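Chains, contacts and geometry: an overview
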Amino acid sequence: MVRGLLQVFYYLTNISIVLTDIRSHRIPNKYLGLLFVIGVADVVLNHFSIIRPVESVLLVIAIYTLLNYGTHKVLGYSAIGMGDIKYTACLQLFIVSSQVSVLNQISWLLLMSWICGGVIAVITRLVMRADPRRIAFAPAIFLAAEIVKNVQRTLGYV
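Residues numbered from 1 in each chain as written. Predicted model: local features only at pLDDT ≥ 70, side-chain atom pairs only at ≥ 80, totals over all residues. Heavy atoms only, no water.

1. Some details on unusual backbone geometry
Excluding glycine, residues mostly have negative phi values, and the peptide bonds linking residues are mostly trans. One non-glycine residue with positive phi stands out, namely H25, at about 60°. Assessed through its relative accessible area of 24%, H25 is described here as partly exposed. (Buried < 20%, exposed > 50% of the residue type's maximum accessible area, 1.4 Å probe, protein only.)

2. What about the packing of helix 3 (residues 51–75) against helix 5 (residues 102–128)?
Remark: helix 3 packs on helix 5, axes separated minimally by 10 Å, with the N-to-C direction vectors making an angle of 45°. In terms of their interaxial angle, helix 3 and helix 5 are classed as oblique. Crossing angle aside, the handedness with which helix 3 passes helix 5 is right-handed. Here helix 3 contributes R52, E55, S56, L59, V60, I63, Y64 and L67 to the contact with helix 5, which in turn contributes V102, L103, Q105, I106, L110, S113 and W114. The class makeup of the residues in the contact of helix 3 with helix 5 is 10 nonpolar, three polar and two charged. (Axes fitted to C-alpha atoms, helices over the stretch in contact; angles between N-to-C directions. Helix = DSSP H or I, 4+ residues; strand = E, 2+ residues; numbered from the N terminus. Parallel < 35°, antiparallel > 145°, perpendicular 65-115°, else oblique. Left-handed = near helix turned anticlockwise from the far one by under 90°. Contact = heavy atoms within 4.5 Å. Nonpolar A, V, L, I, M, F, W, Y, C, P; charged D, E, K, R; others polar.)

Here it is as structure tokens:
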């Protein structure tokens with residue numbers, strides 16, 4: 001019952017984040033805080049050690065911060081917003097598995113996020129004539145997290 005309720009809150013919060021990011025190119029901290037609390041509750045209910053999720057969240061933040069610094073140096077602007085970094089870190093709580101290495105999970109999440117983001121960027125650029133620097137990245141991050149989570153579930157890692 002509690003797990004089902006957490007899943008409902010998980011999807012409602014993610015839908016709110018994605019729609020807000022599409023509308024305003026911002027991800028409010030109140031939504032991220034709620035998603036973080038839901039993620040911690042999910043970790044506790046699934047009897048995971050808290051060390052792996054904390055490890056994975058910190059590693060996501062470190063990798064994305066380095067990528068953000070690199071894109072800022074190369075492109076002259078930050079391609080990744082702090083909201084996107086915090087959102088990816090929160091979603092990592094739902095992907096963490098005791099059977100797969102943390103670096104492997106993060107690599108897949110980041111790779112899928114960038115692939116999905118690229119596809120969304122091309123589509124919005126062609127269809128809506130959007131500025132490539134103003135494309136909402138939350139839909140790509142959420143889609144990537146769902147892909148990784150479901151692939152892990154299919155392979156029996158969760």
